[in-house]
Amino acid sequence: MPWQHKIAYLIGQPVGVSLTNGQGTSGVLCGVSDGKLLVLEYLYQSQFALKQYDFHMIQDVNSFPPCQQPLY
């Protein structure tokens, strides 16, 4: 499924974003505005930044998988 069809279901969820330049990022998908994906990313300590990624920079967007239960 194209990533554009997935984003409506992923708003407010942790996501991984693959970029066309081979890099990637992760954070909470906050929404879409003016052809840009809005992702809240952790910086350090208690600081976060809302970053914007143009649609043409995005290769794919995926939700995080659920955590596995520990086997101990």
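The following refers to the structure shown. As the structure is a computational prediction, the values presented were derived from the model and not from experiment. (Residues numbered from 1 in each chain as written. Predicted model: local features only at pLDDT ≥ 70, side-chain atom pairs only at ≥ 80, totals over all residues. Heavy atoms only, no water.)

A few points about helix H1 (residues 3–10)
The α-helix advances 3.6 residues per turn, and as a result positions three or four apart in sequence lie on the same side.
Right, on to step 1. Buried within H1 are the following residues: Trp3, Lys6, Ile7 and Leu10. The arc that holds the buried residues of H1, viewed along the axis, is 110°, so those residues lie on one side. Seen from the buried face of H1, the exposed residues on the opposite side, beyond 90 degrees, are His5, Ala8 and Tyr9.
Right, on to step 2. For H1, the secondary structure elements touched by its buried residues are strand E1 (14–19), strand E2 (24–33), strand E3 (36–44) and strand E5 (58–63).
Right, on to step 3. The positive-phi residue at the C-terminal boundary of H1 is Gly12, with phi of around 90°. (Buried < 20%, exposed > 50% of the residue type's maximum accessible area, 1.4 Å probe, protein only. Helix = DSSP H or I, 4+ residues; strand = E, 2+ residues; numbered from the N terminus. Arc of directions from axis to C-beta. Contact = heavy atoms within 4.5 Å.)

Looking at the pattern of salt bridges
Right, on to step 1. Inspection of every chain in the model, using the stated rule, returns 3 salt bridges.
Right, on to step 2. In this structure, the salt-bridge partner of Asp60 is Lys6, at a minimum N-O distance of 3.0 Å. Taken together, the residues span a long stretch of sequence, with Asp60 in strand E5 and Lys6 in helix H1 at a distance of 54 residues.
Right, on to step 3. By relative accessible area, which is 24% here, Asp60 ends up partly exposed.
Right, on to step 4. Close ionic contact of Lys36 with Asp54 constitutes a salt bridge, the shortest N to O distance being 3.9 Å. Residue Lys36 is found in strand E3, and its partner Asp54 is found in strand E4 (residues 47–54); the two are separated by 18 residues along the sequence.
Right, on to step 5. Given a relative accessible area of 28%, Lys36 falls into the partly exposed group.
Right, on to step 6. Exposure remark for Asp54: the relative accessible area of 25% places this residue in the partly exposed category. (Salt bridge = Lys/Arg side-chain N within 4 Å of Asp/Glu carboxyl O.)

A look at the nonpolar core
Right, on to step 1. With 12 residues, the main nonpolar core is built from Trp3, Ile7, Leu10, Val15, Val17, Leu19, Leu29, Leu37, Val39, Tyr53, Ile58 and Val61.
Right, on to step 2. Elements that contribute at least two residues to this core include exactly H1, E1, E3 and E5.
Right, on to step 3. Not counting the four nearest positions on each side in its chain, Val61 is found in contact with Trp3, Lys6, Ile7, Leu10, Val15, Gly16, Val17 and Leu37. (Core = buried A, V, L, I, M, F, W, Y, C linked by side-chain atoms within 4.5 Å.)

Considering the pairing of E1
Right, on to step 1. Covered by surrounding structure in E1 are Val15, Val17 and Leu19 only, the residues Pro14, Gly16 and Ser18 on the alternate face being uncovered.
Right, on to step 2. Relative to E2, E1 runs antiparallel, the two being bridged by 5 bridges. For Gly16, the partnering residue across the bridge sits in E2 and is Ser26.
Right, on to step 3. Counting the residues that bridge the hairpin from E1 to E2 gives 4 residues, and of these Gly22 lies at a positive phi of roughly 95°.
Right, on to step 4. Bridge count for E1 against E5 is 5 bridges, and the pairing is antiparallel. By the bridge assignment, Val17 is partnered in E5 with Val61. (Pairing = 2+ DSSP bridges.)

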